Amino acid sequence: AKKILKLAGVPGLTVTYDAPMKLSAVTAPTSNHLWTTASGVKPLWSNQPATGPMPTIAIVDSGIDKNRADFDMGARVIDDVVLTKLQPNSPGDGRGHGTFVAGIAGGSAPGQAGAAPQANLISVDVMDDQGMARTSDVIAAAEWIYANRASKNIKVANFSLHSTMPSNFINDPLDRAV
């Protein structure tokens, strides 16, 4: 590292940051799964870059293992909010369910594209590593999404979970919060 300053002084030599590169031509998402055709999302995919900001999808679940090709190695997971108070709760996604749901919603790996492969994602972790969550943490997630919807461009929120206590939707605090 000390020799960089000496190299920078050589006439005609330019020292620059070794920046990551990305293809300028966007290829259309691909999927080896039938659900993308059956659900009707496949015709919506484009090989053109998104014009304007893509909507953000908040995934309320067990977290997202963001450093995967599905999510452009974390580039499209724009926030990671941990609201669970239950332990153990590994960083990222100690359960795997949130990553699975995020892949269906916004995965972009070749052959594994999700419904909206160009969308940004937010991981809202409300579950511990055993897949348990508290109602209060899920309500806190709904409140966090509502409070941050404009600044994070959140247009979709996915809650792929259910309560273990049957309740009437009119009086249930979780239903009211969502």
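This text gives an overview of the structure that appears in the document.

About the thresholds
- Residues numbered from 1 in each chain as written.
- Predicted model: local features only at pLDDT ≥ 70, side-chain atom pairs only at ≥ 80, totals over all residues.
- Heavy atoms only, no water.
- Core = buried A, V, L, I, M, F, W, Y, C linked by side-chain atoms within 4.5 Å.
- Buried < 20%, exposed > 50% of the residue type's maximum accessible area, 1.4 Å probe, protein only.
- Helix = DSSP H or I, 4+ residues; strand = E, 2+ residues; numbered from the N terminus.
- Contact = heavy atoms within 4.5 Å.
- Patch = residues over 30% accessible without salt bridge, like charges linked within 9 Å, V, L, I, M, F, W, Y side chains within 5 Å.
- Areas by Shrake-Rupley, 256 points an atom, 1.4 Å probe, with all protein chains shown as cover.
- Salt bridge = Lys/Arg side-chain N within 4 Å of Asp/Glu carboxyl O.
- Phe/Tyr/Trp six-rings, centres within 6.5 Å; stacked < 30°, edge-to-face > 60°.
- Lys NZ or Arg CZ within 6 Å of the ring centre and 35° of its normal.

## Describing the nonpolar core
Judged by nonpolar contacts, the single largest core of 14 residues is most densely connected at Val60, Ile122, Val124, Val126, Trp144, Ile145 and Ile154. With 5 residues, helix α4 (residues 135-148) is the largest single contributor of residues to this core. Those residues within four positions of Val126 in sequence are excluded, and the remaining contacts are Val60, Asp61, Leu83, Thr84, Met132, Ala133, Arg134, Asp137, Val138, Ala141 and Leu161. Judged by nonpolar contacts, the second largest core, of 10 residues, contains Ile57, Ile59, Ile64 and Val77.

## Side note on a nonpolar patch on the surface
Taken together, the side chains of Ile4, Leu7, Val10, Leu13 and Val15 define a hydrophobic patch exposed on the protein surface, amounting to about 390 Å² of accessible area. Secondary-structure assignment places Leu13 in the loop between α1 (3-8) and α2 (35-38).

## Quick notes on the packing of aromatic side chains
Using the criterion set out here, one finds 0 aromatic pairs in the structure. Here Arg149 stacks its cationic end above the ring of Tyr146, 3.9 Å away from the centre of that ring.

In short, shape yes, function no, at least from these values alone.
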